[in-house]
Amino acid sequence: MIISAIHLLLTYQCTYECDHCFVWGSPRQTGVMTLSEIRRILRQAETTEAVKGIFFEGGEPFLYYPILLHGVRDAAQRGFQVGVVTNGYWATGEEDACAWLEPLAGSLHSLSVSCDPYHGDEELAEQACRAAAAAEQLGIGVGTISVAQPGDDDTSLSLLMFRGRVVEKLAPGAPSRPAGVFTECPYEDLSDPGRVHVDPFGHIHLCQGISLGNLFRTPLSELCAGFDPGAHPVIGPLVAGGPAELARQHAVEPEGGYADACHLCYEVRRALRPRFPPTLTPDSMYGMFGE
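Residues numbered from 1 in each chain as written. Predicted model: local features only at pLDDT ≥ 70, side-chain atom pairs only at ≥ 80, totals over all residues. Heavy atoms only, no water.

Observations concerning the overall build of the protein
Here is step 1 of the chain: Each helix and strand in the protein was counted, giving eight helices and 10 strands.
Here is step 2 of the chain: Relative to a compact globule of 291 residues, whose C-alpha radius of gyration would be 19 Å, the protein shows 19 Å and is just as compact.
Here is step 3 of the chain: Viewed in the frame of its principal axes, the protein has a C-alpha envelope of about 55 × 45 × 35 Å. (Helix = DSSP H or I, 4+ residues; strand = E, 2+ residues; numbered from the N terminus. Rg over C-alpha atoms; globule rule 2.2 N^0.38 Å.)

Spelled out as structure tokens, the structure:
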């Protein structure tokens, strides 16, 4: 497996608890990367020779601003193109937004700002706009991440995927279809993903909550070289026949209908966690935190 980008989940903590969050971001979450761990990941990324992009995400990465700043600068100095994803909570004024971003200018290639109705009220939307404006003023590339709400057919918006907190908050009211129709993963090429997410505990996510292994225990290059999609207990069935095949191969009986393929996959994986604990991890990715 050759990957060209690594997305670092700097922390699972967030200022909000958005209904559509894949990773259950929350003020109650735990898990934060240290500078030492970031540098360890960057060194491993260098050994692959194929990784070109490093992205800092969360949760909300700006919650740990000094660590984010040093991580971005270190990644840029190593020759990676660097991006950050944020909700812009810190952009409380135009001058303040520039103050937060100015130390990142010259190292940060792109800032992606989450801005949609799931993130709350008008003030939060204004903060996102101020963050984007400040980035443009400082010569940092800007993108906006806006997730469609159920029934919204605006093709400029990202699709709502029913995994993570969205399964609990939004799936009950969404239109559903029988499990048997979900015979492929429509969003990811799981046999050759091209990018991975690494969380604060070292888990390498092929998709959120499906681990390839832990790079704090086994080098990234070794894990990538040894990746066999067909032999993976979760990826293998998903590649062969989507979430419906994952349920069939592991004798998980679907109950009722599902909003999309992610919804079925997530529910089957939750049922399989006791059988594949090193693969379907960590607990926090499945909503088990702050209890």
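So, the nonpolar core
Within soluble globular proteins, side chains that are nonpolar tend to cluster in buried spots.
Here is step 1 of the chain: Grouped together as the largest cluster of nonpolar side chains are 83 residues, with contacts concentrated most on Ile 6, Leu 8, Ile 54, Phe 56, Phe 62, Leu 101 and Leu 111.
Here is step 2 of the chain: In terms of residues, this core owes the most to one element, helix α8 (residues 261-272), which gives six residues.
Here is step 3 of the chain: Beyond its immediate chain neighbours, meaning those up to four positions away, Phe 56 contacts Leu 8, Ile 38, Pro 61, Leu 68, Gly 71, Val 72, Ala 75, Val 82, Gly 83, Val 84 and Val 85. (Core = buried A, V, L, I, M, F, W, Y, C linked by side-chain atoms within 4.5 Å. Buried < 20%, exposed > 50% of the residue type's maximum accessible area, 1.4 Å probe, protein only. Contact = heavy atoms within 4.5 Å.)

Focus on α8
Here is step 1 of the chain: Its 12 residues give α8 an end-to-end C-alpha distance of 16 Å, which sits within 8% of 16 Å, the value for a rise of 1.5 Å per residue.
Here is step 2 of the chain: Where burial is concerned, most of α8 is hidden: nine out of the 12 residues are buried.
Here is step 3 of the chain: If you check which residues of α8 are buried, you get Ala 261, Cys 262, His 263, Leu 264, Cys 265, Tyr 266, Val 268, Arg 269 and Leu 272.
Here is step 4 of the chain: Between the side-chain oxygen at the start of α8 and the backbone nitrogen of Cys 262 there is a gap of 3.2 Å, and the oxygen is on Asp 260. (Expected span 1.5 Å × (residues − 1). Polar contact = N/O pair within 3.5 Å; in protein donor to acceptor, adjacent residues only side chain to side chain.)

Section: the packing of helix α1 (residues 35-48) against helix α2 (residues 65-77)
Here is step 1 of the chain: α2 packs onto α1 with a crossing angle of 20 degrees between their chain directions and a minimal axis gap of 10 Å. Judged on the interaxial angle alone, α2 and α1 are roughly parallel. Crossing of α1 against α2: the hand is right-handed. Residues Leu 35, Ile 38, Arg 39 and Leu 42 of α1 form the contact with α2, whose own contacting residues are Ile 67, His 70, Gly 71, Asp 74 and Ala 75.
Here is step 2 of the chain: Grouping the amino acids of the contact of α1 with α2 by side-chain chemistry returns five nonpolar, two polar and two charged. (Axes fitted to C-alpha atoms, helices over the stretch in contact; angles between N-to-C directions. Parallel < 35°, antiparallel > 145°, perpendicular 65-115°, else oblique. Left-handed = near helix turned anticlockwise from the far one by under 90°. Nonpolar A, V, L, I, M, F, W, Y, C, P; charged D, E, K, R; others polar.)

Here's the deal with the sheet that holds strand β1 (residues 5-9)
Here is step 1 of the chain: Taken together, the eight strands give an open sheet; going across it, the order is β5-β4-β3-β2-β1-β7-β8-β9, and neighbouring strands pair in mixed fashion. Edge positions in the sheet fall to β5 (141-145) and β9 (210-214), since each of these pairs with one other strand and no more. Going across the sheet, the axis of each strand differs from the next one's by a mean of 25 degrees, ignoring polarity.
Here is step 2 of the chain: In terms of strand pairing, strand β3 (residues 81-86) meets strand β4 (residues 110-114) through four bridges, oriented parallel. When the bridges of β4 are listed, Val 85 appears paired with Ser 112. (Pairing = 2+ DSSP bridges.)

What about the packing of aromatic side chains?
Here is step 1 of the chain: The final tally for this structure, using the stated rule, is nine aromatic pairs.
Here is step 2 of the chain: Taken together, the ring pairs connect Phe 62, Tyr 65, Tyr 89, Trp 90 and Trp 100 into an aromatic cluster.
Here is step 3 of the chain: Just above the ring of Phe 22 sits the side chain of Arg 163; from NZ or CZ to the centre is 4.2 Å. (Phe/Tyr/Trp six-rings, centres within 6.5 Å; stacked < 30°, edge-to-face > 60°. Lys NZ or Arg CZ within 6 Å of the ring centre and 35° of its normal.)

Regarding α1
Here is step 1 of the chain: In this model α1 runs 20 Å from its N-terminal to its C-terminal C-alpha over 14 residues, within 8% of the 20 Å that 1.5 Å per residue would give.
Here is step 2 of the chain: Turning to α1, its buried residues number three or more, namely Ile 38, Ile 41, Leu 42, Gln 44 and Ala 45. Looking down the long axis of α1, one finds its buried residues gathered within 160 degrees of arc, a one-sided arrangement. (Arc of directions from axis to C-beta.)

Section: the packing of helix α7 (residues 235-249) against α8
Here is step 1 of the chain: Contact geometry for α7 and α8: axes closest at 8 Å, N-to-C directions at 70 degrees. Considering their axes alone, α7 and α8 lie roughly perpendicular with respect to each other. In the crossing of α7 with α8, the sense of the turn from one axis to the other is left-handed. Across the interface between the two elements, Leu 238, Pro 243, Ala 244, Leu 246 and Ala 247 of α7 pack against Ala 261, Leu 264, Cys 265, Val 268, Arg 269 and Leu 272 of α8.

Some points on the side chain of Thr 281
Here is step 1 of the chain: One can find Thr 281 in the segment after α8.
Here is step 2 of the chain: Residue class for Thr 281 comes out buried when judged on its relative accessible area of 11%.
Here is step 3 of the chain: Those residues in contact with Thr 281, other than ones at most four positions away along the chain, are His 203, His 205, Gly 209, Ser 211, Arg 273 and Tyr 286.

Some details on the environment of Arg 43
Here is step 1 of the chain: Take Arg 43: it is sitting in helix α1.
Here is step 2 of the chain: Since its relative accessible area comes to 43%, Arg 43 is described here as partly exposed.
Here is step 3 of the chain: Arg 43 sits 32 residues away from Ala 75 along the chain, and the two C-alpha atoms are 9.5 Å apart.

Concerning the environment of Pro 61
Here is step 1 of the chain: Among the secondary structure elements, Pro 61 is positioned in the loop between β2 (53-57) and α2.
Here is step 2 of the chain: Pro 61 sits 35 residues away from Ser 26 along the chain, and the two C-alpha atoms are 12 Å apart.
Here is step 3 of the chain: When near neighbours in sequence (up to four residues on either side) are disregarded, Pro 61 contacts Leu 10, Phe 56, Leu 68, Val 84 and Val 85.

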